[in-house]
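Coordinate analysis (summary)
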Amino acid sequence: MPHQAAKRLAASCTPGRRLQQCLTVSFLVIAFAITASAQIHVSGNSGSHWVDTGIDVVNGTQIQVLATGRINVGARGAFGPEGTTAFRSDAGFPADGPVYGLVIRLTTSRTDPGDEFREDYFYASTRTICFHAIGHLWLTANDDRPGDNSGEFLVTLTRGACAPVDPARLLTRIRVANQSNIAQRDADVYVNGLLVGRTGSDGMVGVRPLNVGDHIIARKLFEESSTYRNNHRRGSTQNWNYRVYLTTVTVNNDGTVADFIVAEPLATQELRLNRNNTLIGLHLLASIEWDASSAELEAFRSEMVKISKFLYNATDGQFFVEQIDLADDAAFWNDTDYRIYANLDVRPNVNLRVGGFLRGGGGTWMNMRRGPAAPGGTDFWSTFEVFAHEFGHYGFDVLDEYADDDGTVFCAANHNTEGSDYQGGQPKASCMMFYQWDAGKLCSNRAENPHRRGTRQGAQSCWSHLATQYVDTLGFPRWNIQTPDTRGAIVGGLPDLPAEWAPRVNVDNRPRGLLCGPISVRVSDSDSGAPINDEEVWLLTSYGQIILQGRSGGYDSGSARVSFGGGMIPVTGVHVGDRIAINPRYRFGSLGFGWSSEYTVRASDCGRTSRLQLLRPDDPVSFVSVSTRIDDIDSLFMPQRGALQLTAAREPFRMFVSLEPVAGGQVTINVHTDAALRSAPEAEITLKGSTNALRAVMKFDAASQSYTSNALKISDGAYASLQVTATAEGGSIIVRLFSLVLSPLNANAETDVFSADGQLNLTVPAGALPQTAVVAIGPSSAPLPPLGDGDMIVSGPFSVTTSSGNVMRRAGVVRFQLSNLRGARASDGFDPRSFEIRRFSPESKKWESLGGRLLTSVDVISVSTNQLGDYAVTAHTLAGNGGGKKPEARKPEQTRKPEQFKKPGEREKAAANFMVSDAGLKPDEPVLNGPCPVTVKFGGFITANGPGRVQYTFTRSDGATGPTLTLDFKAAGTQYVTSTWTLGGQGLNSFKGWQAIKILTPNEFESSRQTGSFGMKCQGKTW
Ligand SMILES: [Zn+2]
Ligand SMILES: [Zn+2]
């Protein structure tokens, strides 16, 4: 209950922070107006509505607190005034301490309990308070959602006296000025990590007494940059992408970071904003393609906080992520900066152009993908280092630092120099645009580790270019970005981001019905029950979003091929009522697989899960600060009992689908089948982020014996899925899903066009195609390239077509970012010289070899060409034979050619008692010492007692398992196998372990782990 007398007095004083004089004058009056003891009711619903006690205190006032009563907060129980420490006081709570108990707050304001100068006391620990400041008292029950509480605390406050402290110490004055000692207003001042106030017109702010050794920093906003992207308004009045501050924090050339440390608490603390202490706060919007669970959002949130730390270090303390707005369900899809796909085959990329953060045009985004799908799994493509690297393209406007045509040219000069301070793994390694995992800085022109010319980044170093992008264009520049060249040193590793610069993460979790936890799906052959790997698995939500999840069997983690187990894949964003469909990777109707057994998810498939009950109907958007964990609702998920079994049947006829872009952002769809159709096929395009399908009108063309659609208008830069359904006269049905991307061209600049999974990249030079042309990358209707014994398709085929013919006026680059199919690097398990890019010539109807150079360091192969069409990459598998004999042709299960599939009756009959009688695996060298990472090579054998098919995998002492591999025996005998394991570095300096062969069928058998043991030590390289 506020006391009316106190209220009236307060009204005659100016509200605000500096009520000290006012309060001092009025204190005598109030002191007599209030009895020695007051009883106050604090309702359980008080929360952020603090109860005004009407009581003022001064230096030397003692208040004794006695509280009784209980409040009931709902599911978490009922609590007395002591509250509880069993739960965290997240950002929404009125005070940071024990929750659901009584809090006593002192403020300098009589009207604002949120006043910045405040002290909180908890009944749990403090019941007699000696105040040393002038102020006003408030009470509340510490609950972030008090609306449905019941009960109250009855609080008795008894006034007394205690020893006052020297009044001269009651306030420390902090003054912020610029380098010319001109006072700076509106600078935010932080003491020991906490915001304590903003300077007034005199550059001053007063704070509670400071102690020797307290840290003070200040920053002042000089510019907020507006962006062309919409939905970037949160936290401002305009769409903003970054803010430029000057700070009082100096980053020294040795990597130390110096702030202001209090030496004389009674003196005015003089802080200086410095033009060279520039701090740029980024604002990024990230959107997750699917309806993500709170746990998934939390995983991305924590990764995004690390992006800030990475960029802060990379830029010598000049950039950090100030705010990330993270949404799911593809919200704000076209306005977002980071697009996060569910497809586990996505190679992260920035499409169309670099610098899209700063300048508009076309449709450019940082295209990312979901994190490690297996619990505890590793994945290098979804880590903060990759998010930061892609921001390098998008926000710093720099290109990759490797050369397409020369594996020896990469950033920077000393990245691979033994013992150098700039070698990968060292804090000064300056190659975040080449190998972000071990080189966290940007390259400069410093002579000790210069930028290498001839990479895609060109002649200008990353730092030189970046500095031009964020320069202040005013006549008297307000800020100055420092580069290693201007500061005269390559700065070492910085300490952590100051707590004051912690990013703000706003999470927007959108519900779409009954969400299940990620569901494990197993794809198998409807005839034999055998698992089928490498088939695309799609989620068709009941509300219209179509989401590719990846391929059954496993995925490329950036450091290995990670196996989920035969035919398995985790599918995320699944709701009861959604459909899961399987789509053949290879388009040979009679030999591939269709998804005639499309599956509709039932509640029993994912256990008792519901998210709706956890979100308040009136509060679908939750705002969460960086210090807060999103409530983890995983405990409510019932674990899935077993993998969902999906059987795929062979397709009854062949269907070929292709796309043709026409001018003005339109496409036509062409469908050809080898069976007569009952009616025109149905074709629909659904844009990513949209729940509406565009239906095509298909007409039969007698000349080509195929169906062609009307031109469908889809937006430039669109990522979409295409669904085609064909029904043969006999009634059999084929349904197919394809990914497609339609890309416009940059005006007067080269354009990087990517496939939806980022694995194919076409660089179109400026002027190579007419300005109005669009490029489509979509399904290939070409036959598969002919493969020799032991050859495999490593990537593709992709169809690359334009609206203005298939020849460019100037040669561009076709570049494949290869997936790791068999080992730690894309080249593992293959003859590295055998990689080649192949193109299907529409004229000759033949696949031609274009060659291409594989850069094993970045898993990229490229070729210069002006010919567009259908592209694929093939390579020859290495199958160890131990004795120089002609290698046996063996292919991993998940990439076997369609020709390998035989009709059920045609499959060779295995011997009745076919079994593996022996297997062994041994490292070539039992002890390896060398620069890390080292590659341990293993040779081994498998002996079988007759003809038949053996399925096996490699097991390792670190628990990792490889893909399931297949070996066919034509007769009893021994065949030889090889494997590699690359390890070491990034903290792992020595290791002892083993690798073994594990036979899966026809009988279980594991080779000796002792024979497979080895030891390694990193030498000459410290990570
Ligand atoms: Zn890159
Ligand atoms: Zn460079």
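Notes on the structure follow. (Residues numbered from 1 in each chain as written. Chains lettered and ligands numbered in written order. Predicted model: local features only at pLDDT ≥ 70, side-chain atom pairs only at ≥ 80, totals over all residues. Heavy atoms only, no water.)

Let's talk about the overall build of the protein
To keep it simple, the criterion reads: We count a stretch as a helix when DSSP gives it H or I for four or more residues in a row; a strand needs E for two or more, and each element gets its number in order from the N terminus. Only protein chains enter the accessibility calculation, which uses a 1.4 Å probe; a residue is then buried when its area is under 20% of its type maximum, exposed when over 50%, and partly exposed in between. Whether two residues touch is decided by their heavy atoms; if any such pair falls within 4.5 Å, the residues are in contact. Where accessible areas are quoted, they stem from the Shrake-Rupley method and a 1.4 Å probe; at the residue level, only the protein chains shown are allowed to cover.
Looking only at helices and strands, the protein has six helices and 64 strands in total. Out of the 1023 residues belonging to the protein, those deemed buried represent 56%. Pairs at least 24 apart in sequence give 73% of the contacts found in the protein among residues at least 6 apart. Working note: accessible area of the protein is about 39,900 Å², and carbon and sulfur atoms make up 51% of it.

Comments concerning the coordination of the zinc ion (ligand 2)
As a reminder, the rule being used: Donor selection uses N, O and S atoms within 2.8 Å of the metal (3.2 Å for Na, K and Ca). Since no water is included, sites may look incomplete. Square planar and octahedral assignments, for four and six donors respectively, both demand that opposite donors be over 155 degrees apart and that all other angles lie between 65 and 115; tetrahedral needs four donors with all angles between 85 and 135 degrees, and anything else is irregular.
In this structure, E401 (OE), E401 (OE), C443 (SG) and H451 (ND1) serve as the protein donors to the zinc ion (ligand 2), at separations of 1.9 to 2.7 Å. Metal-centred angles of 52 to 146° between the four donor atoms at the zinc ion (ligand 2) mark the site as irregular.

Observations concerning the packing of aromatic side chains
As a reminder of what qualifies: Stacked, tilted and edge-to-face are the three classes assigned to paired rings of Phe, Tyr and Trp, where Trp is represented by its six-membered ring and a pair needs centres within 6.5 Å; plane angles under 30 degrees give stacked, over 60 edge-to-face, the rest tilted. Remark: a charge is flagged as sitting over a ring if the NZ atom of Lys or the CZ atom of Arg is within 6 Å of the ring centre and within 35 degrees of the ring normal.
One pass over the structure, following the stated rule, counts 35 aromatic pairs. Plain terms: the ring middles of W381 and W437 are 5.5 Å apart, the flat faces sit at 65° to each other, and that makes the pair edge-to-face. Within this pair, whereas W381 is found in the loop between β24 (366-369) and α4 (384-395), its partner W437 is found in the loop between β26 (406-410) and α5 (462-469), the two being separated by 56 residues in sequence. Using a relative accessible area of 10% as the deciding quantity, one classes W381 as buried. Among the aromatic residues, those joined into a ring-pair cluster are Y242, F319, F357, F391, Y394, F396 and Y470. In this structure, R243 packs its charged tip against the face of W240, placed 3.6 Å from the ring centre.

What about the pattern of salt bridges?
Two side chains carrying opposite charge are able to pair once their charged atoms lie near each other. Inclusion rule: Salt bridge, as used here, is a side-chain nitrogen of Lys or Arg placed within 4 Å of a carboxyl oxygen of Asp or Glu.
Using the criterion set out here, one finds 40 salt bridges in the structure. The salt bridge partner of E298 is R301, with a shortest N-O separation of 2.9 Å. Pair noted here: E298 and R301 are both in helix α3 (residues 294-314), with a separation of three residues, about one helical turn. Under the relative-accessibility criterion, R301 is labelled buried at 7%. Put simply, D404, R456, E750, D752 and R815 are held in one network by salt bridges that share partners.

Looking at the state of the cysteines
Think of a disulfide as a covalent bridge from one cysteine sulfur atom to another cysteine sulfur atom. Test applied: Put simply, a disulfide is two cysteine sulfurs that come within 2.5 Å.
On inspection of all chains with the given rule, the structure shows two disulfides. One disulfide bridge connects C130 with C162, the sulfur atoms lying 2.0 Å from each other. Linking C130 and C162, the disulfide has an S-S dihedral of approximately 90° and is accordingly described as right-handed. Of this pair, C130 sits in strand β7 (residues 128-131) while C162 is found in the loop between β9 (150-161) and β10 (172-177), placing the two residues 32 residues apart along the sequence. Residue C932 pairs covalently with C1018 via a disulfide, S to S 1.9 Å. Given an S-S torsion of about -90°, the disulfide between C932 and C1018 has left-handed geometry. Pair noted here: C932 is in the loop between β57 (927-930) and β58 (934-944) and C1018 is in strand β64 (residues 1013-1018), with a separation of 86 residues, a long-range link. A residue is classified by how much of its surface remains accessible, and C932, at 2% relative accessible area, is buried.

So, the coordination of the zinc ion (ligand 1)
Around a metal, the ideal angle is 109.5 degrees if four donors adopt a tetrahedral arrangement and 90 or 180 degrees if six donors adopt an octahedral arrangement. Coordination sphere of the zinc ion (ligand 1), protein contribution only: H389 (NE2), H393 (NE2) and D400 (OD), at 2.0 Å. Mapped onto the sequence, the donors of the zinc ion (ligand 1) take the spacing H-x3-H-x6-D. Pair noted here: H389 is in helix α4 and D400 is in the loop between α4 and β25 (402-403), with a separation of 11 residues, a long-range link. The residues H389 and D400 share a single accessibility class, namely buried.

Some details on the packing of α3 against α4
Cut-off, in case you're wondering: Between N-to-C directions, angles span 0 to 180 degrees; the directions come from axes that are lines fitted to C-alpha atoms, helices contributing only their stretch in contact. Roughly parallel here means an angle under 35 degrees, roughly antiparallel means over 145, roughly perpendicular means 65 to 115, and every remaining angle is called oblique. By definition, any crossing whose near helix is turned counterclockwise from its far helix by less than a right angle is left-handed, and any crossing with a clockwise turn is right-handed. Residues are grouped as follows: Ala, Val, Leu, Ile, Met, Phe, Trp, Tyr, Cys and Pro are nonpolar; Asp, Glu, Lys and Arg are charged; all remaining types, including Gly, are polar.
Relative orientation of the contacting elements α3 and α4 amounts to 55°, with a least axis distance of 8 Å. With respect to their mutual orientation, α3 and α4 come out oblique. In this structure, α3 crosses over α4, and the sense of that crossing is right-handed. Contacts between α3 and α4 involve F300, E303, M304, K306, I307, F310 and L311 from the first element and F384, E385, F387, A388 and F391 from the second. A class-by-class count of the residues in the contact of α3 with α4 yields nine nonpolar, no polar and three charged.

Things to note about the sheet that holds strand β47 (residues 760-764)
Worth spelling out the cut-off: If DSSP finds at least two bridges between two strands, the strands pair.
Within the open sheet, the five strands sit side by side as β46-β47-β50-β54-β53. Their pairing is antiparallel. Here the strands that pair on one side only, and so sit at the sheet edges, are β46 (751-754) and β53 (853-855). Direction aside, neighbouring strands of the sheet carry axes that sit 25° apart on average. By the bridge criterion, three bridges tie β53 to strand β54 (residues 860-867) in an arrangement that is antiparallel. In the sheet register, L855 faces β54, and the bridge partner there is V860.

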